[in-house]
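Descriptive structure summary
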Amino acid sequence: MSLAVFLSDLDALACEATAAFASAGDPAALEAARVEFLGAKSGRLKAVQKGLGKVDQADKPAAGKRFNEVKQAIESVHQQAVARLAAAVGPKKSSRAFDPTTPGVHPRLGRLHPITQTIDELKEIMGRLGFTAVEGPEVEDPWHNFDALNIPPEHPARDPLENFYLEMESAGTPAVERGMKERPLTTLLLRSQTSTVQIRTMEKMQPPVRIISCGRVYRPDTADATHYPMFHQIEGLLIDRGVTMADLKSTLRLFARSAFDPDVHIRFRPSFFPFTEPSVEVDMSWQGGWMEMGGAGMVDPNVLKAVGYDPEEYSGFAFGLGIERICARRHQIADIRELYKNDVRFLRQF
Ligand code: PHE
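So, a few notes on the structure that sits alongside this text. (Residues numbered from 1 in each chain as written. Predicted model: local features only at pLDDT ≥ 70, side-chain atom pairs only at ≥ 80, totals over all residues. Heavy atoms only, no water.)

The gaps left among the atoms become clear once a water-sized probe is rolled over them. The space that makes up the largest pocket amounts to roughly 840 Å³. Contributing to the lining of the largest pocket are 37 residues, with Ser192, Arg219, Phe231, Gln233 and Phe273 lying nearest its centre. At the level of elements, strand 6 (230–240), strand 7 (266–273), strand 8 (276–286), strand 9 (289–299), strand 10 (315–322) and helix 10 (323–331) are the ones that each hand at least two residues to the lining of the largest pocket. Class assignment for the residues of the lining of the largest pocket results in 15 nonpolar, 14 polar and eight charged. Here the second largest pocket is characterised by a volume of approximately 260 Å³. In this structure, the second largest pocket is lined by 16 residues; those nearest its centre are Ile119, Glu138, Gly215, Arg216 and His232. Elements with a minimum of two residues in the lining of the second largest pocket: helix 5 (114–128), strand 5 (209–218) and strand 6. Counted by class, the lining of the second largest pocket contains five nonpolar, six polar and five charged residues. (1 Å grid on protein atoms, 1.4 Å probe; cavity = no way out; pocket = protein on both sides within 12 Å on 5 of 7 lines; lining within 4 Å. Points joined across faces, edges and corners; volume = space filled by probe spheres on them. Helix = DSSP H or I, 4+ residues; strand = E, 2+ residues; numbered from the N terminus. Nonpolar A, V, L, I, M, F, W, Y, C, P; charged D, E, K, R; others polar.)

Gln193, Ser195, Arg219, Gln233 and Gly320 are the nearest of the 14 residues found near the ligand. Within the side chain of Ser195, an N or O atom sits 2.9 Å from a nitrogen atom of the ligand. Here an oxygen atom of the ligand sits 2.9 Å away from a polar atom, N or O, in the side chain of Gln233. Contact with the protein chains covers 92% of the free accessible surface of the ligand, which is 330 Å². Judged by its atoms lying within 2 Å of the grid points, the ligand is housed in the largest pocket. Those elements giving two or more residues to the shell around the ligand turn out to be strand 6, strand 9 and strand 10. Residue classes in the shell around the ligand are distributed as five nonpolar, seven polar and two charged. (Near = heavy atom within 4 Å. Polar contact = N/O pair within 3.5 Å; in protein donor to acceptor, adjacent residues only side chain to side chain. Areas by Shrake-Rupley, 256 points an atom, 1.4 Å probe, with all protein chains shown as cover. Sits in = over half its atoms within 2 Å of the grid points.)

Have a look at this one:
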């Protein structure tokens, strides 16, 4: 036999063996392939080895050397296939019996953010007092954020330093295409208070009105332990015949007792808001002192007029409270900035 024929038999066998080991999908198939190619008695490698004796004497050293290389290569491909199948099965199962008393692995559940939890609870409390939860947009126009709330054009509450104004091109064709030099801008802003929803609700319905609205408001305040440039308010509005300040006070007292503990103290301080008259600031007792919770008052007749209600017939009260501070008091959180750090170690506590 010539050296060339022997070597080509050897190479063909190497190719076939490699393919067979690589495609073996389970241990039985791999074992069958091993017997076929590497079997000690009648394996095909053994058969090729027999041809080695018939190679010309002068070529024997070269043929023998090549035979050993190919044999090693095939064996190593077989070992790889063994390892591949073992990895697919996974680590060898322990022979120890299953112990049903071993504590299980606790799956970690996600949960609602403490602010969301607080809002749900406040809606529930006010719902029991007969108030329906409504919503309003966070991007507002000056009519709902100011004018209708009796805040005149020159009022400092409109100052750009106190608000996040957005300038928007009026809807329709872009000004440039209409050949305008000056773009007509409709001023919009991120609402600075949820009182906007009072107006939006009264524009849509006739008294009696008994609503709350919870949502985000925006003010360019510096963040500190009790302030954040975005925070949440709960707005309440009640309009009916013969509503008095006593109704406002008792409603807020009931609200506080349900939201906190029954012996929480509520304090009302005279204040001013353009949209209520008289107006009060509402404080809650906390850690031996007082914490401001928000503002309230009897709805100003000008506001009722702005939405087409007759102030001679109807009166009402409104309040707007900070939800972060309510949440902080409920959970003894010393700094409301914690609520927005998204630190899961903090959030997991609620
Ligand atoms: N909108 C006021 C604020 O954000 C709170 C308020 C609401 C006061 C309703 C009176 C009545 O400060």
